[in-house]
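Tertiary structure, described
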Amino acid sequence: MKKVSVECRNISLSYGKTEVLKDLNIVIEPGEFFALLGPSGSGKSTLLRLIAGFNRQSQGTLLVDGKDVSSSPPWKRNIGMVFQSYALWPHMTVWDNVAFGLVERKLPRNEIRERTEAALALVGLSQYAKRRPNELSGGQQQRVALARTIVIEPQVLLLDEPLSNLDKKLRVQMRRELLSLQRRLGITTIFVTHDQEEAMTTADRMAVLDHGVVQQIGSPNTLFDFPVNRFVANFVGTMNVLEGAVKERTSNSLVLAVEGVGDLQLPVAGEVPDTPRLAASFRPHTVQIDMAGGNGDGRYVWLPGVVQASEFQGEFTRYEVQVGDRQLTADQSHLAGLSIFPIGAPVAVGLEPSQIRLLAA
Ligand code: ADP
């Protein structure tokens, strides 16, 4: 099957006076597994429904395979959508649920049988063909919903939080299955989620939305390492932020006066926003935690602190440390025998300058 691109050009959409999507520009490459990530109400579903043809933009163009489909109704778009609720027909068998779209299209009987069999085999449900949806587990129902959509061989697959009804363990299993199915079919897939872990682990690239505005588009790795603003930094993973006024600025270093903590001298590499205040942002796993005074490793900027809370996670311990009047999160990887700092312990928190990203405050 031909792999197609999906392109949103300057798309805006309003409900009455409320602008829900604001001048969106997204290019999804042929065969890509693309996630739309954002908090509830950020406009993800609205955009997905717009691509499917259930919503119409007030401005801009939607191109599929380079062709403007803005005025095509949903049934002419060759796009398949799997809803959060699955929306299976309860009175029909699994087979009839999957075959439904083909019967509706009045395809020859032989073809309906072959394609339904193939779709059920693809999702590993051949032996469940005679059951009804309520005789299946949540994960199996999810696979029926997928089979029912891919059987019509859409050029684009849209998934609206397809895993959110499943428990954690099943969700992890299903997202692997989904990804492997997507890879085998090579179908351009757009996946809506508010779960950053889900987006990070599956997507080739993703767009982070907030209030209907695209904040950043990139691979999970790029967004995690190089968020362009504080919203993305906080939404994709956990981020510590020390905000302060820029006191001195040279070409390769600056001094940030962080209220309640003190002056931080930081080396500067790459672009730094030219704003009077900056947010020094760094991930918990890049932070060292040691006995008060630090371990003397000059690579780190050591700050004194007091342990407020600790959570032993097995692979690592997550500490909340009070530093001046700020609270920082530090993850220390755990090895057998390593003791855990008790609450109230004076410690030193070591920031690794190369891991600090300076964002506009
Ligand atoms: P998300 O999928 O990111 O949770 P939605 O796309 O569902 O967000 O909603 C985005 C915004 O649009 C929300 O503020 C929501 O209240 C509003 N909205 C969604 N559908 C409608 C509608 N049919 N009429 C009016 N407002 C709507």
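Up top is the structure these notes are about.
Now for a quick tour of the structure. Owing to the predicted nature of the structure, the values given are computational and were not obtained by experimental measurement. (Residues numbered from 1 in each chain as written. Predicted model: local features only at pLDDT ≥ 70, side-chain atom pairs only at ≥ 80, totals over all residues. Heavy atoms only, no water.)

1. Concerning the sheet that holds strand β15 (residues 288–291)
Each strand in a sheet pairs with its neighbour through backbone hydrogen bonds, running either in the same direction (parallel) or in the opposite one (antiparallel). This is how the line gets drawn: Pairing between two strands requires that DSSP report at least two bridges joining them. To qualify as a helix, a DSSP run of H or I must reach at least 4 residues; to qualify as a strand, a run of E must reach at least 2; elements of each kind are numbered from the N terminus. Working convention: axes come from line fits to C-alpha atoms, limited for helices to the stretch in contact. Angles between N-to-C directions cover 0 to 180 degrees.
Spatially, 5 strands are ordered β15-β19-β16-β17-β18 in an open sheet, and the strand pairing comes out antiparallel. Edge positions in the sheet fall to β15 and β18 (326–333), since each of these pairs with one other strand and no more. On average, adjacent strands in this sheet sit at an angle of 45 degrees to one another, irrespective of strand direction. Here β15 pairs with strand β19 (residues 346–351) via 4 bridges, running antiparallel. Among the inter-strand pairings, I289 is bridged to a residue of β19, identified as V349.

2. Section: the sheet that holds strand β1 (residues 6–15)
With antiparallel pairing, 4 strands are arranged side by side in an open sheet as β2-β1-β4-β5. Each having just a single partner strand, β2 (18–28) and β5 (67–68) make up the two edges of the open sheet.

3. Things to note about the site of the ligand
Going by this rule: Whether a residue is near a molecule or strand is decided by its heavy atoms; if any one of them lies within 4 Å of it, the residue is near. Two N or O atoms form a polar contact when they lie within 3.5 Å of each other; inside protein one atom must be a possible hydrogen donor and the other a possible acceptor, and for residues adjacent in sequence the pair counts only when both atoms belong to side chains. Computed with the Shrake-Rupley method and a 1.4 Å probe, the accessible areas treat only the protein chains shown as cover for residues.
The full set of residues close to the ligand is Y15, V20, P39, S40, G41, S42, G43, K44, S45 and T46. In the model, an oxygen atom of the ligand is placed 3.0 Å from a nitrogen or oxygen of the S42 main chain. At a separation of 2.9 Å, an oxygen atom of the ligand approaches a polar side-chain atom of K44. For the ligand, whose accessible area on its own is 560 Å², the fraction buried by protein is 53%.

4. Looking at unusual backbone geometry
The backbone of N78 shows a phi angle near 60 degrees, a positive value even though the residue is not glycine. With respect to the element layout, N78 can be found in the loop between β5 and β6 (79–82). A positive phi angle is found at E153, which is not glycine, with a value near 50 degrees. Its place among the elements puts E153 in the loop between α4 (138–150) and β7 (156–160).

5. Focus: helix α2 (residues 94–104)
Worth spelling out the cut-off: Categorising residues by exposure relies on relative accessible area from a 1.4 Å probe, with only protein chains included: less than 20% of the type maximum marks a residue as buried, more than 50% marks it as exposed, and the intermediate range marks it as partly exposed. A contact between two residues is defined here by any heavy atoms of the two lying within 4.5 Å.
Along α2, the positions that sit buried rather than exposed are V94, N97, V98, A99, G101 and L102. In this fold, the buried residues of α2 make contact with α3 (109–122) and α4. Once α2 finishes, K106 follows within two positions and takes phi at roughly 55 degrees, a positive value.

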